[in-house]
Amino acid sequence: MREIDITKGIVESHVKSLDKALQSDVVIVGAGPSGLVAGGYLAEKGYNITMLEKRLSPGGGIWGGGMGYKFVIIQEEARQVLEDFDIPFSRYGDKYLSVDAITFASGLIYKASSMGVNIFNITVCEDLLVREGRVAGVVINNSLAEINHLPVDPLTLEAKAVVDATGHDHDVVRTFSSKNDVRLNTPTGKPVGERSMFASTAEDAVVENTSEVYPGLFVCGMSTAAVYGGYRMGPIFGGMLLSGKKLAGLLEEACSR
Ligand code: 48F
């Protein structure tokens with residue numbers, strides 16, 4: 001056994017993965033539930049899907065359940081997505097399913113990556129690549145450079161479509177809107193801002209507002225609330241799963257344009 005062979009194995013495998021990501025069909029920023037579901041469905045159909053996650057662990061806001069109590073609740077309407085991703089659940093009353101947050105997060109990550117989603121952790125999307133009035137890719141960096149405020153220049157990936165799946169932060173849309181004189185497809189032309197808790201309205205709006213907010217730039221999951229002015233909903237996750245599923249359909253159409 002030689003250490004240099006281990007290193008070579010890691011370097012060569014990583015470069016192969018990165019090379020595949022250079023010209024993706026779709027780059028999804030954020031590995032929370034909505035992004036993982038969208039990515040999984042698309043990768044399974046053969047699309048080249050790259051996912052960027054700035055933290056060490058993908059899974060986003062799933063891990064903490066509700067206030068650290070390790071279960072989340074999912075509406076019956078989203079049962080099919082749980083089944084498609086092989087996530088075990090228990091019935092809770094007539095309308096809900098209860099899912100162990102640890103099983104849910106790890107199961108979605110495992111299933112999405114085994115469906116073919118190329119996930120890069122410790123990788124932040126710090127800006128977008130823009131060409132002739134449309135989003136054409138992402139500008140990425142190692143999260144450690146961002147955390148430590150190091151002046152490290154980024155790299156770029158091209159994509160037919162980019163998704164802001166960054167949750168409450170709506171990091172991609174926020175940065176894009178603040179750096180460019182652009183009008184988003186929202187009532188104000190800018191991100192509207194998230195409202196307080198109102199679960200039923202919030203859940204419907206997340207799915208409804210899953211859309212293309214600017215040519216080549218899509219939003220799903222909780223970032224739709226910040227971008228379109230929706231309410232928050234707390235630890236009920238059906239809307240996130242159904243948003244991811246809807247987005248997969250929209251992106252299939254966008255990739256074939
Ligand atoms: O927040 P998150 O889980 O996104 P989601 O799919 O789901 C929301 C729910 O978890 C929860 C809810 C509402 O009450 O139901 O909040 O909308 O995951 C977003 C992921 O994006 C990563 C972040 O670390 C998280 O894992 N992220 C954020 N900004 C960036 C990023 C960025 N600029 N680059 C890469 N990753």
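First, a word on what this report is: a plain description of the structure on this page. Computed from a predicted structure; not experimentally measured. (Residues numbered from 1 in each chain as written. Predicted model: local features only at pLDDT ≥ 70, side-chain atom pairs only at ≥ 80, totals over all residues. Heavy atoms only, no water.)

## Describing the site of the ligand
For step 1, the next point in the chain: Looking at the ligand, there are 26 residues lining it, with S34, E53, G61, D171 and M222 nearest.
For step 2, the next point in the chain: At 2.7 Å from an oxygen atom of the ligand is found a main-chain nitrogen or oxygen belonging to G61.
For step 3, the next point in the chain: When the free accessible area of the ligand is taken as 730 Å², the share hidden by the protein chains comes to 95%.
For step 4, the next point in the chain: When residues of the shell around the ligand are traced back to their parent elements, those giving at least two are α2 (33–44) and β7 (123–131).
For step 5, the next point in the chain: Ranked by residues supplied to the shell around the ligand, first place goes to β7 with three residues.
For step 6, the next point in the chain: Taken together, the residues that form the shell around the ligand break down as 11 nonpolar, 11 polar and four charged. (Near = heavy atom within 4 Å. Polar contact = N/O pair within 3.5 Å; in protein donor to acceptor, adjacent residues only side chain to side chain. Areas by Shrake-Rupley, 256 points an atom, 1.4 Å probe, with all protein chains shown as cover. Helix = DSSP H or I, 4+ residues; strand = E, 2+ residues; numbered from the N terminus. Nonpolar A, V, L, I, M, F, W, Y, C, P; charged D, E, K, R; others polar.)

## Focus on the side chain of T210
For step 1, the next point in the chain: Along the chain, T210 falls in the loop between α7 (199–208) and β10 (211–214).
For step 2, the next point in the chain: Sequence-distant contacts of T210, defined by excluding residues within four places in its chain, comprise V219, C220, G221, T224, S243, K246, L247 and L250. (Contact = heavy atoms within 4.5 Å.)

## Concerning the sheet that holds strand β3 (residues 71–75)
For step 1, the next point in the chain: A sheet is described by the order of its strands in space; here three strands give the open sequence β3-β5-β4, paired in antiparallel fashion. At either end of the open sheet lies a strand with only one pairing partner, and these are β3 and β4 (90–92). Strand-to-strand twist in this sheet, taken as the mean axis angle between neighbours without regard to direction, amounts to 40 degrees.
For step 2, the next point in the chain: Pairing analysis gives three bridges linking β4 to strand β5 (residues 96–100), with the strands arranged antiparallel. Within the sheet, the bridge partner assigned to S90 lies in β5 and is S98.
For step 3, the next point in the chain: Those strands touched by helix α4 (residues 101–115) are β3 and β5, and its axis lies near 80 degrees from that of β5. (Pairing = 2+ DSSP bridges. Axes fitted to C-alpha atoms, helices over the stretch in contact; angles between N-to-C directions.)

## Section: the packing of α7 against helix α9 (residues 238–255)
For step 1, the next point in the chain: Look at α7 against α9: their axes get within 8 Å of each other, and the N-to-C directions meet at 15 degrees. As summarised for this structure, α7 and α9 are arranged roughly parallel, according to the angle between their axes. Classified by chirality, the crossing of α9 by α7 is right-handed. Between α7 and α9, the residues in contact are E203, V206, V207 and E208 and G238, G239, M240, L242, S243 and K246, respectively.
For step 2, the next point in the chain: Within the contact of α7 with α9, the residues separate by chemical class into four nonpolar, three polar and three charged. (Parallel < 35°, antiparallel > 145°, perpendicular 65-115°, else oblique. Left-handed = near helix turned anticlockwise from the far one by under 90°.)

## A closer look at the pattern of salt bridges
For step 1, the next point in the chain: The tally for this structure, following the rule as stated, stands at 12 salt bridges.
For step 2, the next point in the chain: Between R174 and D171 there is a salt bridge, and its shortest N-O distance comes to 2.6 Å. One end of the pair, R174, and the other, D171, are both in helix α6 (residues 171–179), three residues apart, so they sit about a helical turn from each other.
For step 3, the next point in the chain: You can call R174 partly exposed: its relative accessible area is 38%.
For step 4, the next point in the chain: Taken together, the salt bridges that share partners define one network made up of E76, R79, E83 and R91. (Salt bridge = Lys/Arg side-chain N within 4 Å of Asp/Glu carboxyl O. Buried < 20%, exposed > 50% of the residue type's maximum accessible area, 1.4 Å probe, protein only.)

## A closer look at the pairing of strand β9 (residues 155–164)
For step 1, the next point in the chain: Sheet topology note: the strand β1 (residues 23–29)/β9 ladder contains six bridges and is parallel. Looking at the pairing, S24 lines up with A159 of β9.
For step 2, the next point in the chain: Taken together, the four bridges between strand β8 (residues 134–142) and β9 define a ladder with antiparallel strand orientation. Considered in β9, the bridge of G137 is made with E158.
For step 3, the next point in the chain: Here three bridges tie β9 to strand β11 (residues 217–219), and the two strands are oriented parallel to one another. Residue D164 lies in a different strand from β11, and its bridge partner there is V219.

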